[in-house]
Amino acid sequence: MKNKVLRFVIIIVLVVAFVPGVQYFWKSKQKIAVHASNASQILSSSSDWSAGVSSNIESSSGSLNISQLPPPKIDTSGMTVTASKFDSTKLNLVDANLSTAFMGTTGDPFYWQIDFGGNRQLSCVYFYEFVGSSIGDVSIYGSTNETDWTAIYEHFPGGPDGLWHCGGCGSANMTYRYVRISVTPAYSTSLFFDEIEFYPPTAPGTHTTAATQIDGGTNFWQWQTFTPTETVPANTAVTYRFRSSVNGTDWTDPWSAVQTPTSGNALDISGLVTSRSGETKYRYLQVETTLSRSDNGNDLRHCFDGPGSEIPCPPTIGPSVDSYSIGYHTEQKPNKPVAQTAVIQ
Ligand SMILES: [Ca+2]
């Protein structure tokens, strides 16, 4: 009896060891026992970013940034300029030439005014050099209707020569069609103003992945995590929204609420987007990234090293996204799911 059992065991061992079909069957049985598997897509490469849609975004491999930071000054060419005095020199204030001035001699109040042609959002107004002895009261006002005026900056000081002056920066909601400089000289004197510049707020940069770029595949089961690698300096922000789709065309899922995960930490997105509904799989995920700088960086537009000497300003720092990774599960299948990796840069 013992010999029979021993022979049986030996035969079984030999069959398993040398008959490929049996090994395959055995391994297949093992694979059937494998459950949903982790998979991920990583967006980081230049081609990853360029596959999506961008607005005010500058991207390269491993880097997604705001393109115009700080934004350029508002182009005032062709805009309507009026002045209650010194009319022949009124355009000298917006001719981008620091040696030409809006100027004259008077003891009476006067104003200079520009019409943007429509409401414009402003973050900062800069003057280059205005001079007059005992100049009196100089103020800047904004208006949407040329009737009701709001002070942008009041009692602006005169002089010194050769210097930019900030005439009202950082206000959150400066939206005006008209800006007026109002001057009340202390007494009859010669006055001149060389240049004025207007700046808009820093526009946020937005990047949205292509419709089918993030694809959970045919074995998709559930969206799970979103992990960004990013740099978010003071006064800046990076936010994300998500939505999912069955086919990458119909986005029956609305954008999720805005999310602010921190760098290197996984955000649970399983409750933010639909992964499946019955037998229907939402295998496509879309990510919208928004980068912003809340203080506009306008304090850095003109930098000074004392009266008369303007020095190069340090670069305005914005937020950046190096990459992000989307983790998901693939469905339980007879064949063991293979971990997938896609890189978006
Ligand atoms: Ca000028």
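See the structure printed just above.
All figures in this text were calculated on a predicted structure; none of them were measured in a lab.

### Remarks on the overall build of the protein chain
(1) Moving on: In terms of regular secondary structure, the protein chain is built from three helices and 22 strands.
(2) Moving on: For the protein chain, restricting intrachain contacts to residue pairs at least 6 apart in sequence, the fraction spanning at least 24 positions comes to 78%.

### Overview of the pairing of strand 11 (residues 189-199)
(1) Moving on: Most of strand 11 is tucked away: eight of the eleven residues are buried.
(2) Moving on: Bridging between strand 6 (residues 102-106) and strand 11 involves five bridges; their strand directions are antiparallel. Each residue of the ladder has a partner; that of F102, found in strand 11, is F193.

### Things to note about the environment of S44
(1) Moving on: Within the secondary structure layout, S44 lies in the loop between strand 1 (37-43) and helix 3 (46-50).
(2) Moving on: On the basis of neighbour counts, which here come to 21 C-beta atoms within 10 Å, the residue S44 falls in the buried class.
(3) Moving on: Expressed as a C-alpha distance, the spacing of S44 and S61, which sit 17 residues apart in the sequence, is 6.2 Å.

### Looking at the nonpolar core
(1) Moving on: Core analysis: the biggest nonpolar cluster contains 27 residues, and L93, F102, L122, V125, I140 and V179 have the highest contact counts within it.
(2) Moving on: Looking at this core, the elements that each hand over two or more residues are strand 7 (110-131), strand 8 (137-143), strand 10 (164-184) and strand 11.
(3) Moving on: With near-sequence residues (within four places) excluded, L93 lies in contact with F102, W112, F193, E195 and I196.
(4) Moving on: With 26 residues, the next largest nonpolar core counts L69, V238, F242 and Y324 among its residues.

### Quick word on unusual backbone geometry
(1) Moving on: In this model, E146 sits at a positive phi of 70 degrees, which is unusual for a non-glycine residue.
(2) Moving on: Mapped onto the elements, E146 comes out in the loop between strand 8 and strand 9 (150-153).
(3) Moving on: One non-glycine residue, N235, lies in positive phi territory at about 65 degrees.
(4) Moving on: Mapped onto the elements, N235 comes out in the loop between strand 14 (220-231) and strand 15 (236-245).
(5) Moving on: Among the residues examined, N235 registers 14 C-beta atoms within 10 Å and is labelled partly exposed.

### Here's the deal with the environment of P185
(1) Moving on: In this structure, P185 sits in the loop between strand 10 and strand 11.
(2) Moving on: Judged by local crowding, P185 falls into the buried class, with 22 C-beta atoms found within 10 Å.
(3) Moving on: Along the sequence, P185 and P109 sit 76 residues apart, while their C-alpha atoms lie 6.3 Å from each other.

### Some points on the environment of Q213
(1) Moving on: Following the sequence through the fold, Q213 ends up in the loop between strand 12 (205-208) and strand 13 (214-215).
(2) Moving on: For the pair formed by Q213 and V287, sequence separation is 74 residues and the distance between their alpha carbons is 9.8 Å.

What counts, and at which threshold
Residues numbered from 1 in each chain as written. Predicted model: local features only at pLDDT ≥ 70, side-chain atom pairs only at ≥ 80, totals over all residues. Helix = DSSP H or I, 4+ residues; strand = E, 2+ residues; numbered from the N terminus. Contact = placed C-beta atoms within 7 Å. Buried ≥ 20, exposed ≤ 12 C-beta atoms within 10 Å, placed from the backbone. Pairing = 2+ DSSP bridges. Core = buried A, V, L, I, M, F, W, Y, C linked by C-beta atoms within 7 Å.

Purely geometric numbers; function is a separate question.
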